[in-house]
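# Understanding the architecture of this molecule
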Amino acid sequence: MSYPTYLPAFSGLPSRPVGLAGMRFSSAITSTVRHVSLLTAVLAGFTHASFAAEKKPNIVFILADDLGYTDVSTFGSKYYETPNIDRLAKEGVKFTNGYTAGPNCQPTRAALLSGQYGPRTGVYTVGNIDRFDWESRPLRPVDNVTTLPLEKTTIAQSLKKAGYATGLFGKWHLGEGPNEHPAKRGFDEAIVSAGKHFDFKTNPPTEYPEGTYLADFITDKAVSFIEHHKDEPFFLYVPHYGVHSPIQAKPELIAKFKDKPAAGGHNNPAYAAMIASVDESVGRITAKLDELGLAENTLIVFTSDNGGVGGYEREGIGGKDTTDNAPLRGGKGTLHEGGIRVPYVFRWKGTIPAGSVSETPIISVDLHPSLLELSGAPAPENQPLDGVSYVSALKDPSSKLGRDSLFWHFPGYLGSSGNTWRTKPVGVIRDGNWKLIENLEDHSLELYDLSADLSEKNNLASSQPEKAAALLSKLNDWRKSVGAKLPTPNDPSTAADGAKKGKKKKNNANTDDD
């Protein structure tokens, strides 16, 4: 900042004043110039600080639960209706190679919040290893950590250091102890609820009108948070419980789909109504940001925590298909594409090119470093971040990130009805368009070229042994770098008493319980 109108008044003055009066006059002018210079510097500093504050974007992260890749219209569904999510994509960018760090809920949420893969947090599945009948298999799973360790810094804690107000409303699923509630993990405001869509309980207890639908309750709280924090940078995390089972929806929305013709494996009116409620939430939150004039200073992220509950019948896996992830193979609980590839949509008006599409692969662990870059928040100490920032790909969707590979480590079992398995212990790497799955029970390999075989039907491990070996070497190197624990041989002599006496545990019949 400068004040050119003040300077000409002094431009004609003599360089050396003459006499006492001249000296006094010169001294006054010098003092005035000094004060003007000081004022200019101070004002420039204030202007820079104000500019930085204005440019620090708000962040709204909306996470659906169990929403499959093709459960959104803009990602392929001809039955489900998601006009508000579709509008986000039209006004922003959609990533067609977006992945979750786990095949089910908890590991993805731990990765999103911590920026670390499962081997570093210990969270690789839901619950403990005894949920499924691993004793009948050749390997003993690695013990799972069922809460996000307290020493891990969450993205909310990171953003608070950058001056953000933080709020969470919805499903947490990273611990229920007194020090594990999100209000103790960096969120200024937090109300947790999951398990039911009507007559639900909240933590802390919160009153609501009888008949309220959980997605609407969560959205009410989210909109109120935006209104209260519109004048300061904020981070709003909205982890919906929809569209997780039980399949419960508002009757008026179910009626809307009751007579609609099925399209492929999409045919459930109640499930479609649940998706519609999540979409309504996206619409209400977006509308509030637009109404308050925050659209050009707010990044909205929409995604899901794992693939949809479907695609099992084609794989010979027991359990009812609620939806279908085709053309992707499998669904929730598998490490094929249907279990881990999810819709990803971003909107930031004026910054993200509208209507753009990115094929750059991104994954859950990328959220934390991305938001650090946007906010200017410091990286957590003694917590290496496994992801990379995708901010450059938001601004230029054609750009590539400085990373070759994505990784998954699942050292356990996820069962299904009829004593079938959604997944057994595996390690996975995606490198470019190549994907390798190592089955840890027998070390057999599956190799797919996703650019030509999105449905993972043609295993190329035998015909491309050099490629398979190269990817396996990368996978092994990564496991060593993050200290990944591997399952151990199942020794019946050390099995639990129940297993020794011949008690057989059946796999959980509900494939979406996790």
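In this report, we go over the structure that sits alongside the text. Predicted, not measured: the structure shown is a model, and the values here were computed from it. (Residues numbered from 1 in each chain as written. Predicted model: local features only at pLDDT ≥ 70, side-chain atom pairs only at ≥ 80, totals over all residues. Heavy atoms only, no water.)

### Description of the sheet that holds strand 8 (residues 298–304)
Read across the sheet, eight strands follow the order 6-5-7-1-8-9-2-10 without closing on themselves; strand pairing throughout is mixed. Of all strands in the sheet, those with a lone pairing partner are strand 6 (189–192) and strand 10 (356–358), marking the two edges. On average, adjacent strands in this sheet sit at an angle of 15 degrees to one another, irrespective of strand direction. In terms of strand pairing, strand 8 meets strand 9 (residues 344–347) through four bridges, oriented antiparallel. Bridge pairing in strand 9 places Ile300 opposite Arg347. Along the sheet, helix 3 (residues 83–91) contacts strand 2 (93–95), strand 8 and strand 9; its crossing angle with strand 9, the most-contacted strand, is approximately 60 degrees. (Pairing = 2+ DSSP bridges. Helix = DSSP H or I, 4+ residues; strand = E, 2+ residues; numbered from the N terminus. Axes fitted to C-alpha atoms, helices over the stretch in contact; angles between N-to-C directions. Contact = heavy atoms within 4.5 Å.)

### As for the side chain of Thr334
Looking at the secondary structure, you find Thr334 in the loop between strand 8 and helix 10 (337–340). By relative accessible area, which is 3% here, Thr334 ends up buried. (Buried < 20%, exposed > 50% of the residue type's maximum accessible area, 1.4 Å probe, protein only.)

### Let's talk about the packing of helix 3 against helix 9 (residues 269–291)
Interaxial distance between helix 3 and helix 9 falls to 7 Å at its minimum, and their mutual angle equals 50 degrees. Compared by their axis directions, helix 3 and helix 9 come out oblique. Only Asp279, Glu280, Val282, Gly283 and Thr286 of helix 9 make contact with helix 3, whose side of the interface consists of Pro83, Asn84, Ile85 and Leu88. (Parallel < 35°, antiparallel > 145°, perpendicular 65-115°, else oblique.)

### Here we look at the nonpolar core
Ranked by internal contacts, the top residues of the largest apolar core, which has 48 residues, are Ile62, Phe234, Leu236, Ile285, Leu289 and Phe302. Sort the elements by how many residues they give to this core and helix 9 lands first, with 10 residues. Excluding residues that lie within four positions of it along the chain, Phe302 makes contacts with Ile62, Ala64, Leu67, Ile85, Leu88, Val278, Val282, Pro343, Tyr344 and Val345. Formed by 41 residues, the second largest nonpolar core is a distinct cluster that contains Leu112, Tyr164, Leu367 and Leu401. (Core = buried A, V, L, I, M, F, W, Y, C linked by side-chain atoms within 4.5 Å.)

### Considering the pattern of salt bridges
All told, the structure shown has 28 salt bridges when counted by the stated rule. Between Glu441 and Arg137 there is a salt bridge, and its shortest N-O distance comes to 2.8 Å. You can see Glu441 sitting in the loop between strand 16 (434–439) and strand 17 (444–449) and its partner Arg137 sitting in the loop between helix 5 (118–121) and strand 4 (139–140), a full 304 residues away along the chain. (Salt bridge = Lys/Arg side-chain N within 4 Å of Asp/Glu carboxyl O.)

### Re the sheet that holds strand 16
If you trace the four strands from one edge of the open sheet to the other, you get 12-15-16-17, paired in antiparallel fashion. Each end of this open sheet is capped by a strand with a single partner; those strands are strand 12 (405–410) and strand 17. For this sheet, the mean angle separating the axes of adjacent strands, direction not counted, is 10 degrees. With six bridges joining them, strand 15 (residues 426–431) and strand 16 adopt antiparallel strand pairing. Residue pairing for strand 16: Asp431 is matched across the bridge by Trp434.

### Thoughts on the packing of aromatic side chains
All chains considered together, the criterion is met by 22 aromatic pairs. Both rings, one in Tyr117 and one in Trp478, keep their centres 5.2 Å apart while their planes meet at 85 degrees; by these two values the pair is edge-to-face. With Tyr117 in the loop between helix 4 (105–114) and helix 5 and Trp478 in helix 13 (residues 465–482), this residue pair connects regions lying 361 residues apart in the sequence. Accessibility assignment for this pair places Tyr117 and Trp478 in one class, buried. Members of the aromatic cluster, joined through ring pairs, are Phe61, Trp172, Phe187, Phe235 and Tyr237. Here Arg140 stacks its cationic end above the ring of Trp134, 5.6 Å away from the centre of that ring. (Phe/Tyr/Trp six-rings, centres within 6.5 Å; stacked < 30°, edge-to-face > 60°. Lys NZ or Arg CZ within 6 Å of the ring centre and 35° of its normal.)

### Overview of unusual backbone geometry
Between Gly242 and the following residue, Val243, the backbone shows a cis peptide bond with an omega angle of 20 degrees. Along the chain, Val243 falls in the loop between strand 7 (234–239) and helix 8 (251–257). Of the consecutive residues Ala326 and Pro327, the connecting peptide bond is found in the cis state with omega at 15 degrees. Mapped onto the elements, Pro327 comes out in the loop between strand 8 and helix 10. For Asp199, which is not glycine, the phi torsion reads 50 degrees and is therefore positive. For Asp199, the position within the fold is in the loop between strand 6 and helix 7 (214–228). When its relative accessible area of 53% is taken as the criterion, Asp199 is described as exposed. The phi torsion at Asn382 lies on the positive side, around 55 degrees, for a residue other than glycine. Along the chain, Asn382 falls in the loop between helix 11 (367–375) and helix 12 (391–395).

### Quick word on the pairing of strand 5 (residues 165–170)
Sheet faces and side chains relate simply in a regular strand, where the side chains alternate between the two faces. Here strand 5 lies mainly inside the structure; six of its six residues are buried. As defined by bridge partners, strand 5 adjoins strand 6 across four bridges and the pair is classed as parallel. In the strand pairing of strand 6, Gly167 is matched with Glu189.

### Quick word on helix 3
What helix 3 keeps buried is the set Asn84, Ile85, Asp86, Leu88 and Ala89. At its buried positions, helix 3 is contacted by strand 2, helix 9, strand 8 and strand 9.

### A short note on the packing of helix 7 against helix 9
For the pair helix 7 and helix 9, interaxial distance at closest approach is 10 Å and the crossing angle is 10 degrees. Judged by the angle between their axes, helix 7 and helix 9 are roughly parallel. Viewed along their axes, helix 7 and helix 9 form a crossing whose handedness is right-handed. Packed against helix 7, whose contacting residues are Ala215, Asp216, Thr219, Asp220, Ala222, Val223, Ile226 and Glu227, the element helix 9 presents Ser277, Glu280, Ser281, Arg284, Ile285, Lys288 and Leu289 at the interface. Looking at the contact of helix 7 with helix 9 residue by residue, the classes come out as six nonpolar, three polar and six charged. (Left-handed = near helix turned anticlockwise from the far one by under 90°. Nonpolar A, V, L, I, M, F, W, Y, C, P; charged D, E, K, R; others polar.)

### A closer look at the environment of Pro425
Tracing the sequence through the fold places Pro425 in the loop between strand 14 (420–423) and strand 15. Pro425 sits 286 residues away from Leu139 along the chain, and the two C-alpha atoms are 8.3 Å apart. Apart from residues no more than four positions distant in its own chain, Pro425 is found in contact with Leu139, Phe410, Pro411, Gly412, Tyr413, Glu438, Asn439, Leu440, Glu441 and Pro487.

### Quick look at the pairing of strand 15
Counting buried residues in strand 15 gives six out of six residues, a clear majority hidden from the surface. The side-chain alternation of strand 15 yields two buried faces, one formed by Val426, Val428 and Arg430 and the other by Gly427, Ile429 and Asp431. Hairpin remark: strand 15 followed by strand 16, antiparallel, with two residues in the connecting loop; positive phi at Gly432, about 65 degrees.

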